[in-house]
Amino acid sequence: MVRESSVIVGTLTCLLLWVLLVTTTGCITSGTTGTLEESPSGEFSEYIDASNIFLSSKLSIESMAMRDVGDLKQVQFVLHNRRHTTQDFEYKVVWYDGDGFAIDPDSRPWNPLTMRGKDSHPITATSPRASATTFKVHLKK
Amino acid sequence: MWGLVGCASTTQYKDPTGVENTSIDFGSTDLQMIAEKMVDSLLSFPPVVQVTAQRRPVMFVERIKNKTSEHIDTESITDTISTKILRSGKFRFVDMDRINAVREQAQFQKESGMVNQETTMAMGRQIGAEYMLYGNLSSIVKRTSSKKDVYYKFTLKLMHLESGILEWQDEKEIRKVKGRSTFGR
């Protein structure tokens, strides 16, 4: 009788652990509409802020051009949705100086953007000051 | 106890540059997106780049005309734009809104008898503006029983005051739709 009870308790514990595992995995994937894939390995992946790994794996920079306008920098890049599903997200271009300091990061707003599956969207930005040398596009849901 | 917990409200600090979509009305995100687009466009326009390459011309901002049916603080839009332009180091500004305060201070310095006359500000030494920044904000609103569609158009212009020539002009369009959500969007 005691042995039967311990078997039942053991089985229930295993079942509970399995349910917990499935539920937890479900929570991670449901918020990101897809499975976690490889990080973008394209030529321009260094220009994407990778803090949001789920979003940065879905989006990539297809092409990029940077030029000088006087002593300011101007960049144009094409953001590409690598998935077949629509992505709703926000982006913000942040400029950095030669020492890696962000230049007025609060002066540029988050821009809402909806990209349909496999869609591409050009984005142009001009640096706020002459000290800018590079930029990053920050992404968030 | 539950009643007390249920009524308790909390205050949270949020990113002021974050997307705000509380309502379809003109909001902070619209203001910031307009200012970003306009300043980027102005500072990268080739003739403006040429003019500001060696010197910092003086401009003044005329209030933006609100041609929408909403109450919108357009001075806030011009404040954000002029702040960004000023911080770029490309232009300098004269503040026409404070001319009366400056005049009163000059009069006080000259006539009150309280100020050492060797330290009073010299008259007729202010620098005249070379450019004027002005524009307007308009909107088109369409409604059905289940949907509201708002289109905003912000136009900004830079005029060379002496010649009257329009040196630069650009627009920013924003369209917002509010309605019942549909499946499979």
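These notes cover the structure that comes with them. Residue positions are given per chain, counting from 1 as you read along its sequence in written order. The lettering of chains begins at A and the numbering of ligands begins at 1, in the order of writing. For a predicted model such as this one, the threshold for reporting local features is a pLDDT of at least 70, and the threshold for listing and counting side-chain atom pairs is 80 or more; totals across whole chains, interfaces and linings nevertheless cover every residue. Excluded from the side-chain calculations are hydrogens and water; all other atoms, namely the structure's heavy atoms, are used.

Counting from both sides, the interface comprises 17 residues of chain B and, opposite them, 24 residues of chain A. Buried area: the accessible surface (1.4 Å probe) lost by two parts on joining, summed over both. Both faces considered, chain B and chain A share a buried interface measuring about 1700 Å² in area, 46% of it formed by carbon and sulfur atoms. The salt bridge criterion pairs a side-chain nitrogen of Lys or Arg with a carboxyl oxygen of Asp or Glu, the two atoms within 4 Å. Applying the counting criterion to the chain B and chain A interface returns four salt bridges. Arg108(A) is the salt-bridge partner of Glu36(B), the closest N and O atoms lying 3.0 Å from each other. Here a polar contact is recorded for every N or O atom pair within 3.5 Å, except that within protein the pair must consist of a potential hydrogen donor and a potential acceptor, and residues adjacent in sequence are included only if both atoms are side-chain atoms. There are eleven residue pairs in polar contact (both at pLDDT 80 or more) connecting chain B and chain A. Elements are defined by DSSP. Helices are runs of H or I of four residues or more, strands are runs of E of two residues or more, and each kind is numbered from the N terminus. Ranked by residue count, the leading element in the side of chain B that touches chain A is helix α2 (residues 28–44) of chain B, at seven residues. Following the grouping adopted for this structure description, the nonpolar residues are Ala, Val, Leu, Ile, Met, Phe, Trp, Tyr, Cys and Pro, the charged ones are Asp, Glu, Lys and Arg, and the polar ones are all others, Gly among them. Tallied by class, the residues present in the side of chain B that touches chain A amount to four nonpolar, six polar and seven charged. In what follows, residue pairs with any heavy atoms lying within 4.5 Å of each other are defined as contacts.

In this section: the environment of Lys142(B). All names here are of chain B. Mapped onto the secondary structure, Lys142 falls in strand β4 (residues 131–143). Between the C-alpha atom of Lys142 and that of Phe154, which follows or precedes it by twelve residues, the distance is 18 Å. Those residues in contact with Lys142 that sit more than four places away from it in its chain are Lys147, Lys148 and Asp149.

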